[in-house]
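Listed below are the residues making up each chain.
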Amino acid sequence: MGSNVPTGLPVGNNVPAVLPVINNVPAAIVQGPAVVTQSVSSIAITNSMFSALSNDTKFSPLSLAKDNWPKWKQKLLQVLGMSNLDDYIFRTVNQPDTAIDPTSARNWSKNHAKTVSFLSMHVENSELPLICV
């Protein structure tokens, strides 16, 4: 009654069985204050992304034999940035915990797979084994 602890928030080891939601975002509880996870939406690869590469006569798939890494990297990052898939390259989107936010976790996995697939489509076949997933 005289406590300054807001009701509904866990204190110490008193973690509720159902995790709270803060501002419509599921929260993970770590021994005290809540840590808000980032909600992840599904991202589409648009036709304009494919067009940006196929209509560029100077662009060619990544090939170590052609030594085209700098130009390829620059163009792919620009195109992936069109839909924020570059965030998966730079690892600025953390993989959500399936137990806390299964929808975001599924969206993250699909977005990651889309990014890897899109990159794979623009790499010479001889270079495909070098792509890290």
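Residues numbered from 1 in each chain as written. Predicted model: local features only at pLDDT ≥ 70, side-chain atom pairs only at ≥ 80, totals over all residues. Heavy atoms only, no water.

Trainee: Looking at this structure, how should I read the packing of helix 2 (residues 69-81) against helix 4 (residues 102-120)?
Mentor: Interhelical geometry of helix 2 versus helix 4 gives an angle of 140 degrees and a closest axis separation of 12 Å. Taken together, the axes of helix 2 and helix 4 are oblique relative to one another. Pair helix 2 / helix 4 crosses with right-handed handedness. Mapping the contact onto sequence places Trp72, Leu76, Val79 and Leu80 in helix 2 and Thr115, Phe118 and Leu119 in helix 4. Here the contact of helix 2 with helix 4 is composed, by residue class, of six nonpolar, one polar and no charged. (Axes fitted to C-alpha atoms, helices over the stretch in contact; angles between N-to-C directions. Helix = DSSP H or I, 4+ residues; strand = E, 2+ residues; numbered from the N terminus. Parallel < 35°, antiparallel > 145°, perpendicular 65-115°, else oblique. Left-handed = near helix turned anticlockwise from the far one by under 90°. Contact = heavy atoms within 4.5 Å. Nonpolar A, V, L, I, M, F, W, Y, C, P; charged D, E, K, R; others polar.)

Trainee: Is there a simple way to think about the nonpolar core in this case?
Mentor: One recurring pattern in soluble globular proteins is that nonpolar side chains are buried together. Of all hydrophobic cores here, the largest spans 17 residues; its most connected members are Trp72, Leu76, Tyr88 and Phe118. Every element with two or more residues in this core is listed here: helix 1 (47-54), helix 2 and helix 4. The greatest single-element share of this core, amounting to four residues, is contributed by helix 2. Setting aside chain neighbours within four positions, we find tryptophan 72 in contact with Phe59, Ser60, Pro61, Leu62, Leu119, His122 and Val123. (Core = buried A, V, L, I, M, F, W, Y, C linked by side-chain atoms within 4.5 Å. Buried < 20%, exposed > 50% of the residue type's maximum accessible area, 1.4 Å probe, protein only.)

Trainee: Just to check I follow, could you spell out the pattern of salt bridges for this structure?
Mentor: Where charged atoms of side chains with opposite charge meet at close range, the side chains can pair. The full count for this structure, using the stated rule, is two salt bridges. Where lysine 75 meets aspartate 56, a salt bridge forms, and the shortest distance between an N and an O atom there is 3.3 Å. Highlighted residues: lysine 75 in helix 2 and aspartate 56 in the loop between helix 1 and helix 2, separated in sequence by 19 residues. The partner of lysine 66 in a salt bridge is glutamate 124, with the nearest N and O atoms 3.4 Å apart. Of this pair, lysine 66 sits in the loop between helix 1 and helix 2 while glutamate 124 is found in the segment after helix 4, placing the two residues 58 residues apart along the sequence. Residue lysine 66 is classed as partly exposed on the basis of its relative accessible area, which comes to 47%. The partly exposed category is assigned to glutamate 124, whose relative accessible area is 27%. (Salt bridge = Lys/Arg side-chain N within 4 Å of Asp/Glu carboxyl O.)

Distances and angles like these do not, on their own, reveal function.
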